[in-house]
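Take a look at the letters that make up each chain.
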Amino acid sequence: MEASTQKDSASENGRSRAYLYTSQGSYQHEDMGAIGALPRSEGDVLWVMLSDPDDAEIQQVCTDLCISEYVQQSMQERHRRPKLISLEDVGFMAVITVALKGKRPLFAEVQLVIGRNVLITISKGQDLQHESLHQRLSSLSGAALRGSDYLAFEWLDLVIDHYVQSLDVLEVAVEAMEQHLLLHGFQRSDVQGIYRLRRDLLRIEMAIAPLAEICRRMARLDTPFIKTANQAYFAEV
């Protein structure tokens, strides 16, 4: 059951928001300045989504949710490759996302901070369509009981879906190029297209390949922020 949305006059773009998952239902909050005072019961899971936040907004959320300064600094940085930081009570992941514009890859970054019953996701440069994911989580019985680590898995699964969509488009481009060469033969202009496509595919591989190993590590981590029952999910990513 969705509760009425609380409007935040300071959040002009309206893209940063939070969802609270409880045993009674899910509730959306847009008053990011009230996150620290948001009443939560034991077992409730808070998902905070920040879209292209500035350093001040990151600092405020970290202060409200008692996130360490070390993790805060990682959240404020830009990362070119996937990264995992595992601390005693919180985990930090940087994930590179891929979108296509004119069949050329555009790279952006998503960060995940996984704490005890808290998930923070930060989109830098590209907003993934999260509404369908939120609706599905809201419809799951006992979604809150699965924990913030399960929400992190679902978010990673959404990122993987975007990888697949981009690779499907590139696969069609490769097939079209093969067909062109068969019908018209090899021309000088084709060399540039082949090398450009090869370079794009290598850049995509370098950006996303380390994520598989990071997820395998998360499936083996003995840490409070990933439940033993949920470790198998990360092995499937």
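Located above this text is the structure these notes cover.
In what follows, the accompanying structure is described. This structure is a prediction, so every number in the text was calculated from the model and none was measured.

1. Some thoughts on the nonpolar core
And then number 1: By size, the foremost hydrophobic cluster in this structure holds 40 residues, and its most contacted members are Trp47, Met93, Leu112, Trp155 and Met218.
And then number 2: Elements with a contribution of two residues or more to this core: strand 1 (17-21), strand 3 (45-51), strand 5 (91-101), strand 6 (104-115), helix 3 (131-139), helix 5 (148-184) and helix 6 (188-220).
And then number 3: Counting residues per element, this core draws most heavily on helix 5, which supplies ten residues.
And then number 4: Every residue in contact with Leu112, bar those within four places of it in the chain, is listed here: Gly91, Phe92, Met93, Val95, Leu119, Ile120, Thr121, Ala152, Trp155 and Leu156.

2. Observations regarding the state of the cysteines
And then number 1: The full count for this structure, using the stated rule, is zero disulfides.
And then number 2: Unpaired in terms of disulfides, Cys62 finds its nearest cysteine sulfur in Cys66, a separation of 10 Å.

3. Looking at unusual backbone geometry
And then number 1: Backbone geometry at Cys66 places phi at a positive 60°, although glycine is not the residue there.
And then number 2: Locating Cys66 in the fold gives a position in the loop between helix 1 (55-64) and helix 2 (69-76).

4. What about the environment of Ser86?
And then number 1: Along the chain, the position of Ser86 falls in strand 4 (residues 83-86).
And then number 2: Assessed through its relative accessible area of 36%, Ser86 is described here as partly exposed.
And then number 3: Placed 128 residues apart in sequence, Ser86 and Ile214 show a C-alpha to C-alpha distance of 11 Å.
And then number 4: Look past the residues within four positions of Ser86 in its chain and what remains in contact with it is Leu221 and Phe225.

5. Considerations on helix 6
And then number 1: With 33 residues, helix 6 ought to run about 48 Å at 1.5 Å a step, and its terminal C-alpha atoms sit 50 Å apart, in line with that.
And then number 2: At Met206, helix 6 is deflected by roughly 30°, the largest bend along its length, and proline Pro210 occurs up to four residues later in sequence.

6. Topic: the sheet that holds strand 3
And then number 1: Pairing in this open sheet of seven strands is mixed, and the strands run 2-1-3-7-6-5-4 from one edge to the other. Where the open sheet ends on each side, the last strands, each with one partner, are strand 2 (26-29) and strand 4. Each neighbouring strand pair of the sheet contributes to a mean axis angle of 20°, computed without reference to strand direction.
And then number 2: Relative to strand 6, strand 5 runs antiparallel, the two being bridged by eleven bridges. The residue bridging Val98 from the neighbouring strand is Phe107, located in strand 6.
And then number 3: Strands in contact with helix 1 are strand 3 and strand 7 (118-124); relative to strand 3, the strand with the most contacts, it is inclined by about 170°.

7. Some points on the pattern of salt bridges
And then number 1: Within the structure shown, the criterion is met by four salt bridges.
And then number 2: A salt bridge links Arg116 to Glu42, with the shortest nitrogen-to-oxygen separation between them at 2.6 Å. Taken as a pair, Arg116 in the loop between strand 6 and strand 7 and Glu42 in the loop between strand 2 and strand 3 lie far apart in primary sequence, 74 residues in all. Summarising the burial analysis for this pair, Arg116 and Glu42 share the class exposed.
And then number 3: A salt bridge links Arg216 to Glu213, with the shortest nitrogen-to-oxygen separation between them at 3.1 Å. Of the two residues, Arg216 and Glu213 both sit in helix 6, three residues apart, roughly one turn of that helix.
And then number 4: Of the residues examined, Glu213 reaches a relative accessible area of 35% and is grouped as partly exposed.
And then number 5: Because the salt bridges share partners, they merge into one network encompassing Glu213, Arg216 and Arg220.

8. Thoughts on the packing of aromatic side chains
For any two aromatic rings, the description comes down to two numbers: the centre-to-centre distance and the angle of the planes.
And then number 1: Here the structure, examined in full by the defined rule, presents seven aromatic pairs.
And then number 2: Aromatic side chains Tyr150 and Tyr233 sit 5.1 Å apart centroid to centroid with 70° between the ring planes, which places their arrangement in the edge-to-face category. Here Tyr233 lies in helix 7 (residues 231-235) and Tyr150 lies in helix 5, a separation of 83 residues in the sequence.
And then number 3: On the basis of relative accessible area, Tyr150 is assigned to the buried category, the value being 5%.
And then number 4: Among the aromatic residues, those joined into a ring-pair cluster are Tyr19, Tyr21, Trp47 and Trp155.

Reading guide: rules and limits
- Residues numbered from 1 in each chain as written.
- Predicted model: local features only at pLDDT ≥ 70, side-chain atom pairs only at ≥ 80, totals over all residues.
- Heavy atoms only, no water.
- Core = buried A, V, L, I, M, F, W, Y, C linked by side-chain atoms within 4.5 Å.
- Buried < 20%, exposed > 50% of the residue type's maximum accessible area, 1.4 Å probe, protein only.
- Helix = DSSP H or I, 4+ residues; strand = E, 2+ residues; numbered from the N terminus.
- Contact = heavy atoms within 4.5 Å.
- Disulfide = S-S within 2.5 Å.
- Expected span 1.5 Å × (residues − 1).
- Bend = angle between axes of the 7 residues up to and from the residue.
- Pairing = 2+ DSSP bridges.
- Axes fitted to C-alpha atoms, helices over the stretch in contact; angles between N-to-C directions.
- Salt bridge = Lys/Arg side-chain N within 4 Å of Asp/Glu carboxyl O.
- Phe/Tyr/Trp six-rings, centres within 6.5 Å; stacked < 30°, edge-to-face > 60°.

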